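Survey of secondary and tertiary structure
Okay, here's what each chain looks like letter by letter:
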Amino acid sequence: MSKMLQDSTAQNIGPSDLEPSRRRFLDYLLGTSVVATLGAIVYPIIRFMSPPPVIESTENSVVAAKLNEVPVNSGKIFKFGSKPGILVRTESGELKAFSAVCTHLDCIVQFQAETKHIWCACHNGHYNLNGKNIGGPPPRPLEEFKVNTRGDEIVVSKA
Amino acid sequence: MKDWLDERLSISALGDIARKKEVPLHRHSIWYYFGGMTLFLFVVQVVTGILLLLYYRPSAENAFESVQFIVTEVKFGWLIRSIHSWSANLMIATLFIHLFSVFFLRAYYRPREMTWVSGVVLLFIVICFGFSGYLLPWNKLAFFATKVGTEIAGVIPIVGHTVLRFLRGGDDVTGATLTRFFGFHVAVLPAAATVFLAVHVLLVQLHGMSVPPSVKAENLRKMKFIPNFLLRDLIGWILAIGVLAALAALFPWELGEKADPFAPAPAGIKPEWYFLFMFQTLKYLPAKILGMDGEVLGIMAFNVVALLLFIVPFVDRGPENRRRTLIFNVIGAVALLYIVVMTIVGYVTE
């Protein structure tokens with residue numbers, strides 16, 4: 001900037017004096033248009049690579065199973081929207097439902113009859129039948145759902 | 001005819017370079033073969049991979065069935081598919097041998113730092129090849145391995161979630177993930193591998209074979225690359241083809257069961273053997289270490305170690321500092337021992 005001011009206030013302005021600032025101006029124009037062009041190319045590519053959000057199913061409750069499908073001391077995986085859930089019937093006959101997605105690294109858990117735990121095979125994670133992480137690497141409990149029965153249907157809904 | 005071509009393509013110049021190439025002979029010369037062996041197995045991967053592309057269909061609905069079709073209906077499909085899987089595994093094995101031999105023989109000393117760096121890049125490219133290729137048959141094991149693997153990418157601070165969504169093509173492992181992994185496996189990674197392989201091999205030609213500092217001597221005997229060393233290479237490659245065919249025939253690669261996003265992870269699930277030592281480590285980490293998620297800490301530690309590989313030649317710069325040489329030998333030995341022991345432990349434990 002100061003160079004430009006000097007140039008314009010100089011007494012004898014010859015073409016050679018103007019040359020550097022004009023050159024710099026053209027370089028600046030060229031540089032910004034190159035950057036803008038690259039930006040216009042790169043931005044859509046980056047946006048294209050990131051997947052659009054899928055509209056979450058607004059399902060708040062789902063018929064998970066029929067009563068006779070879940071005998072005492074067993075578990076069943078059911079579909080809750082796009083995610084798996086697990087329905088467990090404890091020894092006392094109580095029905096429980098949780099998200100079946102392990103809080104460790106996203107595997108799908110299962111009911112283990114011998115230990116009466118909810119168990120993840122991927123990294124040997126254990127949860128008790130309240131969904132609490134009690135062994136292995138899982139850092140958090142499983143998300144719990146509400147369970148109601150309607151006739152012989154078991155209805156699971158988000159708490 | 002020869003002159004006509006030579007004038008335009010300078011073939012004789014290339015021939016002169018090739019004829020001038022020599023391989024030093026000493027007690028560690030055996031390790032020179034593993035780079036070439038890895039390259040050979042890579043070529044096997046390219047050829048069998050292109051063949052598999054003739055029938056493979058990359059979608060959640062069709063992938064499993066198309067691989068099933070390849071191994072049951074297509075003539076020699078079982079052979080091509082098994083060789084592709086076995087060769088991938090052998091390539092990773094020879095690559096690790098190449099890596100550790102180059103490390104212990106200090107072939108990364110000046111002026112070969114960039115040869116090492118390009119090699120480390122190739123290592124990561126190959127691991128990505130393995131990880132992306134593993135999902136393509138869309139079976140149960142692959143489905144959960146991919147869930148876990150991409151979730152691991154998701155724990156990286158700040159950018160993790162974006163990376164996870166980029167890899168999965170959404171929030172979950174679905175057909176969208178399969179399509180993406182297919183694209184990486186057959187387009188992005190091959191292009192990257194070709195570039196870095198070219199750089200790596202050209203640099204090896206530029207600097208010649210490295211002689212380990214421990215055998216630096218006057219009047220070292222040398223072998224002509226053409227034809228002496230190349231013929232020995234060739235014997236190794238023919239042996240490799242034999243081993244691959246035998247493995248494919250005796251231990252055909254399993255296809256397993258089709259992936260089901262609503263079935264629990266099968267008991268005894270394990271990743272590929274080259275991820276096993278990391279998998280086993282994650283199993284041993286407690287849920288919380290110093291208030292942080294154990295697995296996050298473990299994963300970050302592995303990432304740091306992986307990045308440290310790049311700077312090895314810039315930290316250990318020459319044989320003059322004997323203490324540093326010793327330290328690097330110990331680090332290398334401990335790393336090797338850790339990988340071997342944890343892999344075995346991971347293999348034998350439930």
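Residues numbered from 1 in each chain as written. Chains lettered and ligands numbered in written order. Predicted model: local features only at pLDDT ≥ 70, side-chain atom pairs only at ≥ 80, totals over all residues.

Once that is clear, we can look at the overall build of chain B. For chain B, the count of helices and strands is 13 helices and four strands. Taken against the 2.2 N^0.38 rule, which gives 20 Å for 350 residues, the C-alpha radius of gyration of chain B at 22 Å falls within 12% of a compact globule. Expressed as lengths along the three principal axes of its C-alpha atoms, the size of chain B is roughly 65 × 60 × 40 Å. Relative to its full complement of 350 residues, chain B shows a buried share of 29%. When contacts within chain B are restricted to residue pairs at least 6 apart in sequence, those whose partners lie at least 24 apart make up 78%. (Helix = DSSP H or I, 4+ residues; strand = E, 2+ residues; numbered from the N terminus. Rg over C-alpha atoms; globule rule 2.2 N^0.38 Å. Buried ≥ 20, exposed ≤ 12 C-beta atoms within 10 Å, placed from the backbone. Contact = placed C-beta atoms within 7 Å.)

This brings us to the overall build of chain A. The helix and strand inventory of chain A stands at two helices and ten strands. Reading chain A from its N end, one meets helices and strands in the order α-α-β-β-β-β-β-β-β-β-β-β. The proportion of buried residues among the 159 residues of chain A is 28%.

The next thing to look at is the sheet that holds strand β5 (residues 110-112) of chain A. Residues and elements named next belong to chain A. Across the sheet, four strands lie side by side as β5-β6-β7-β8; this open sheet has antiparallel pairing. The open sheet has two edge strands, β5 and β8 (133-135), and neither has a second partner. Averaged over all adjacent pairs, the angle separating strand axes in this sheet is 45°, with direction ignored. As paired strands, strand β7 (residues 125-127) and β8 are joined by two bridges and run antiparallel to one another. (Pairing = 2+ DSSP bridges. Axes fitted to C-alpha atoms, helices over the stretch in contact; angles between N-to-C directions.)

Below, the discussion takes up the environment of F80 of chain A. Residues and elements named next belong to chain A. Within the fold, F80 resides in strand β2 (residues 74-80). What makes F80 buried here is the crowd of 25 C-beta atoms within 10 Å. Residues F80 and K158 lie 78 residues apart in sequence; the distance between their C-alpha atoms is 9.6 Å. F80 has contacts with V62, G85 and V156, leaving out every residue within four places of it along the chain.

As a further point, take the pairing of strand β6 (residues 117-120) of chain A. All names here are of chain A. In β6, alternate side chains face the same way, and those of H117 and W119 on one face and I118 and C120 on the other are all buried. Bridge count for β5 against β6 is three bridges, and the pairing is antiparallel. The partner of Q110 across the bridge, within β6, is W119. Here β5 hands over to β6 after four residues, with K116 in that stretch at a positive phi of 55°. As paired elements, β6 and β7 share three bridges and run antiparallel to each other. Within β7, the position partnered with I118 by the bridge is Y127. The hairpin turn running from β6 into β7, its antiparallel successor, is four residues long, and N124 in that turn takes a positive phi close to 55°.

Contacts between the two partners involve 26 residues from chain B, matched on the other side by 24 residues from chain A. At five residues, the largest contribution of residues to the side of chain B that touches chain A is made by helix α7 (residues 140-154) of chain B. Residues belonging to the side of chain B that touches chain A are distributed by class as follows: 15 nonpolar, three polar and eight charged. (Nonpolar A, V, L, I, M, F, W, Y, C, P; charged D, E, K, R; others polar.)

That bond from R110 of chain B to P111 of chain B is cis: its omega, 5°, falls within 30 degrees of zero. Tracing the backbone shows P111 of chain B in the loop between α5 (77-104) and α6 (113-135). Along the chain, I226 of chain B connects to P227 of chain B via a cis peptide bond; the corresponding omega equals 5°. Structurally, P227 of chain B is set in helix α10 (residues 225-250). Positive phi, normally seen in glycine, also occurs at N73 of chain A, with a value near 60°. Mapped onto the elements of the fold, N73 of chain A is located in the loop between β1 (61-66) and β2. Located in the positive-phi region is R106 of chain B, a residue other than glycine, with phi close to 60°. For R106 of chain B, the position within the fold is in the loop between α5 and α6.

All names here are of chain A. Taken together, the six strands give an open sheet; going across it, the order is β1-β10-β9-β4-β3-β2, and neighbouring strands pair in antiparallel fashion. Each having just a single partner strand, β1 and β2 make up the two edges of the open sheet. In this sheet, neighbouring strand axes are inclined to one another by 30° on average, regardless of whether the strands run parallel or antiparallel. Across two bridges, the pairing between strand β4 (residues 95-99) and strand β9 (residues 144-150) is antiparallel. Across the sheet, the residue bridging to F98 is E144, located in β9.

Now for the confidence of the model for chain B. Across chain B, the average pLDDT comes to 92, with 100% of residues at or above 70. Among the scores for the predicted complex, ipTM is 0.74 and pTM is 0.87. (pLDDT = per-residue confidence, 0-100.)

Our focus in this paragraph is α7 of chain B. Here α7 of chain B spans 21 Å end to end across 15 residues, near enough to the 21 Å set by a 1.5 Å rise per residue. Within α7 of chain B, 13 of the 15 residues are buried, which leaves the element mostly enclosed by the surrounding structure. (Expected span 1.5 Å × (residues − 1).)

On to the environment of I92 of chain B, then. Residue and element names in this part refer to chain B. Within the secondary structure, I92 is located in helix α5. Owing to 20 C-beta atoms within 10 Å, I92 belongs among the buried residues under this scheme. Beyond its immediate chain neighbours, meaning those up to four positions away, I92 contacts V126, G130 and Y274.

A few words on the nonpolar core. Note that soluble globular proteins tend to have their nonpolar side chains buried in a common cluster. In this structure, I86, C107, V109, I118 and C122 of chain A are the most contacted members of the largest nonpolar core, which totals 81 residues. Ranked by residues supplied to this core, first place goes to α5 of chain B with eleven residues. Ignoring sequence-local partners within four residues, the contact set of V109 of chain A consists of I86, A100, C102, I118, W119, C120 and Y127 of chain A together with P264 of chain B. (Core = buried A, V, L, I, M, F, W, Y, C linked by C-beta atoms within 7 Å.)

Let us look at the packing of α5 of chain B against helix α13 (residues 322-348) of chain B. To describe two helices that pack against each other, one gives the angle between their axes and the distance between the axes. Residue and element names in this part refer to chain B. Between α5 and α13, the least distance of the axes is 10 Å, while the angle of their chain directions is 160°. The pairing of α5 with α13 is recorded here as roughly antiparallel in orientation. Between α5 and α13 lies a crossing whose hand is left-handed. Where α5 abuts α13, its residues F100, F103 and F104 lie against N329, G332 and L336. (Parallel < 35°, antiparallel > 145°, perpendicular 65-115°, else oblique. Left-handed = near helix turned anticlockwise from the far one by under 90°.)

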